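If you want the building blocks of each chain, they are given just below.
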Amino acid sequence: MPILECFLFEVSEGILHITASDNENIMKAAITLDESDGDGRFCITNRTILDAVKELPEQPISIEIDMASMQTRIVYLNGLYNIVATPADNYPTNIPMQEECSSFVTTSSVIAENVSRSLFATAQDELRPIMNGIFFDIDPEGLAVVASDGHKLVRNKLNHVKSENHASFILPKKPANLLKNVLAKNGSEVTVVFDNRNACVTYSGGSLTCRLTEGRYPNYASVIPHDNTNVVNIDRKALLGSIKRVLPFANEATQLIRLRIDRDRIEVSSEDIDFSTSAKEEIVCDYDGIPMSIGFKGSTLTEILNNLDSENVLLKLADPTRAGLFMPETQPEGEDILMLMMPMLLND
């Protein structure tokens, strides 16, 4: 549909509504105009208007359009653009929602932070598209925001966002990225309304309506261990820096990082037998569990530590063959953040 290469401009009662759509996601924004002398609807090619306006310094502009011929003038302080608009008759502006919908209300910062924290754990799996999105699962106990690719998992639990009835949906990656970029982290109110096919997120200054990924998300709670009794407390930035320094010496294909954990210390090491390279570093930690060696993929370890926003992190382990849990030492108020990672096999 060539019309989808355009922005839809709608002027009504002194407010300009701008809509963009790819037929599965519809994003709208509203701008209060300084002045207008009539209402109308028209479309302008997105590349044309973006390339033209982004080069202008901050200044007033006016758009003059002849609704009969669609000739359009964009006038600014020391110049003007002449372009031809397109009639808006065929532009898709709504994705129909069912009458029976579920909803919840939270803040823009909560949605933005939890989506940003979860995106790296989504999969790229054409055969299982349900794993490519972020799972929102709400019930009377709270809202869980979950992402997993089968090797790593992020679960954010929001205890202050609740619903009387259980409901869930899978948000695809594209609208998740759009929300992450557009939501202000100012605590303004966000309303999420969804049925079994579509969702509408309304926020200050606009809205996003999108088609959801259909299917049943795996039972994420069943894979989270509850008996990881060996707990490491370590400075997040120190561990992250150490991993970044030894990772270039790891095998490029496996990116295996070995953690040798003993009382009050961790040895972080890597090696590539093919090129006779290796590196190791020792950092202090708080640990009084059983000594063990466990391997993790270095790039994933880096992503997890980058997405945990705390000074210290807790690493909870059972043994070298079972999943490790990463979480902040101090949880944000009303939240419970947990990240899970499967270990890699070590050749001792």
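Each residue is numbered by its place in its chain's sequence as written, counting from 1. Where local features are concerned, this predicted model is filtered to residues with pLDDT of at least 70; where side-chain atom pairs are given and counted, the filter is 80 or more; whole-chain, interface and lining totals use all residues. The basis for the side-chain values is all heavy atoms of the structure; hydrogens and waters are excluded.

S.K.: Where do I start with the side chain of N156 in this structure?
M.R.: Looking at the element boundaries, N156 is found in strand β11 (residues 152–158). Relative accessible area decides the class of each residue, using a 1.4 Å probe on protein chains only: under 20% of the type maximum gives buried, over 50% gives exposed, and in between gives partly exposed. Assessed through its relative accessible area of 0%, N156 is described here as buried. Any pair of nitrogen or oxygen atoms within 3.5 Å is treated as a polar contact; in protein, a donor-acceptor pairing is required on top of that, and neighbouring residues in sequence qualify only through side-chain atoms on both sides. Looking at N156, its side chain comes within polar contact range of the side chain of R117, at 3.1 Å. The contact criterion used throughout is that any non-hydrogen atoms of two residues lie within 4.5 Å. In this view, N156 contacts N114, R117, S118, L143, A144, V145, D336 and I337; residues no more than four positions away in its chain are not counted. Helix numbers and strand numbers start at the N terminus; a helix is a DSSP run of H or I with at least 4 residues, a strand a run of E with at least 2.

S.K.: Honestly, the sheet that holds strand β13 (residues 189–194) in this entry has me stumped. Any pointers?
M.R.: In any sheet, the strands associate via hydrogen bonds between backbone groups, in a parallel or an antiparallel arrangement. A pair of strands is treated as paired once DSSP finds two or more bridges between them. Pairing is antiparallel across the open sheet formed by eight strands, whose spatial order is β4-β1-β2-β3-β15-β14-β13-β8. Two strands bound the open sheet, and with one partner strand each, they are β4 (40–45) and β8 (102–107). When strand polarity is set aside, the average angle formed by the axes of neighbouring strands in this sheet is 15°. Bridge count between strand β14 (residues 198–203) and strand β15 (residues 206–211): six bridges; the pairing is antiparallel. Each bridged residue has a counterpart across the sheet, and for N198 the counterpart in β15 is R211. All axes are obtained by fitting lines to C-alpha atoms, using only the stretch in contact for helices, and the reported angles, taken between N-to-C directions, cover 0 to 180 degrees. The strands touched by helix α1 (residues 46–53) are β1 (6–12) and β4; relative to β4, the strand with the most contacts, the crossing angle is about 80°.

S.K.: Would you explain the packing of aromatic side chains in this entry?
M.R.: Two measures describe an aromatic ring pair: the distance that separates the ring centres and the angle between the ring planes. Centres within 6.5 Å make a pair out of two Phe, Tyr or Trp rings, where for Trp the six-membered ring is used; the pair is then stacked when the planes are under 30 degrees apart, edge-to-face when over 60, and tilted otherwise. Across all of its chains, the model carries eight aromatic pairs by this definition. Centre to centre, the rings of F135 and Y217 are 4.6 Å apart; their planes meet at 5°, and the pair counts as stacked. Of this pair, F135 sits in strand β9 (residues 134–139) while Y217 is found in the loop between β15 and β16 (230–235), placing the two residues 82 residues apart along the sequence. The exposure class assigned to Y217 is buried, which follows from its relative accessible area of 9%. Look at F136 and F169: their rings are 4.8 Å apart centre to centre, the planes differ by 5°, and that puts the pair in the stacked class. Taken together, the positions of F136 in strand β9 and F169 in strand β12 (residues 167–171) put the pair 33 residues apart, joining distant regions of the chain. An aromatic cluster is present here, built from F104, F136, F169 and F194 joined pairwise through their rings.

S.K.: I keep staring at the sheet that holds strand β19 (residues 277–284) and nothing clicks. Help me out?
M.R.: In spatial order, the strands read β19-β18-β17-β20; together these four strands make up an open sheet with antiparallel pairing. Only two strands of the sheet have a single partner each, and these edge strands are β19 and β20 (292–297). Pairwise comparison of adjacent strand axes, ignoring direction, gives a mean angle of 20° for this sheet. Sheet topology places strand β17 (residues 256–262) next to strand β18 (residues 265–272); five bridges connect them, and they run antiparallel. Counted as the bridge partner of D262 is R265 from β18. Along the sheet face, helix α4 (residues 236–246) touches β17, β18 and β19 and points at about 170° away from the line of β19. Strands β17 and β20 of the sheet are contacted by helix α5 (residues 298–306), whose axis makes an angle of about 85° with β20.

S.K.: Is there a simple way to think about the nonpolar core in this case?
M.R.: Nonpolar side chains in soluble globular proteins tend to end up buried together. Definition used in this section: a nonpolar core is a set of buried Ala, Val, Leu, Ile, Met, Phe, Trp, Tyr and Cys residues joined via side-chain atoms within 4.5 Å. Of all hydrophobic cores here, the largest spans 33 residues; its most connected members are L259, I266, V268 and F326. A per-element tally of this core places α4 first, with four residues. Residue contacts for V268: discarding those within four places in its chain leaves L239, S242, I243, V246, I257, R258, L259, A279, K280, E281 and I283. Judged by nonpolar contacts, the second largest core, of 28 residues, contains I111, L119, F136 and L158.

S.K.: Before we go on, may I ask you to explain the pairing of strand β6 (residues 71–76) in this structure?
M.R.: Within a regular beta strand, the side chains point alternately toward one face of the sheet and then the other, so they alternate between its two faces. Of the two faces of β6, only the one carrying T72, I74 and Y76 is buried; Q71, R73 and V75 on the other face are not. Bridge count between β6 and strand β7 (residues 79–84): six bridges; the pairing is antiparallel. Looking at β7, one finds that V75 is bridged to L80. Linking β6 to β7, which pair antiparallel, is a turn of two residues.

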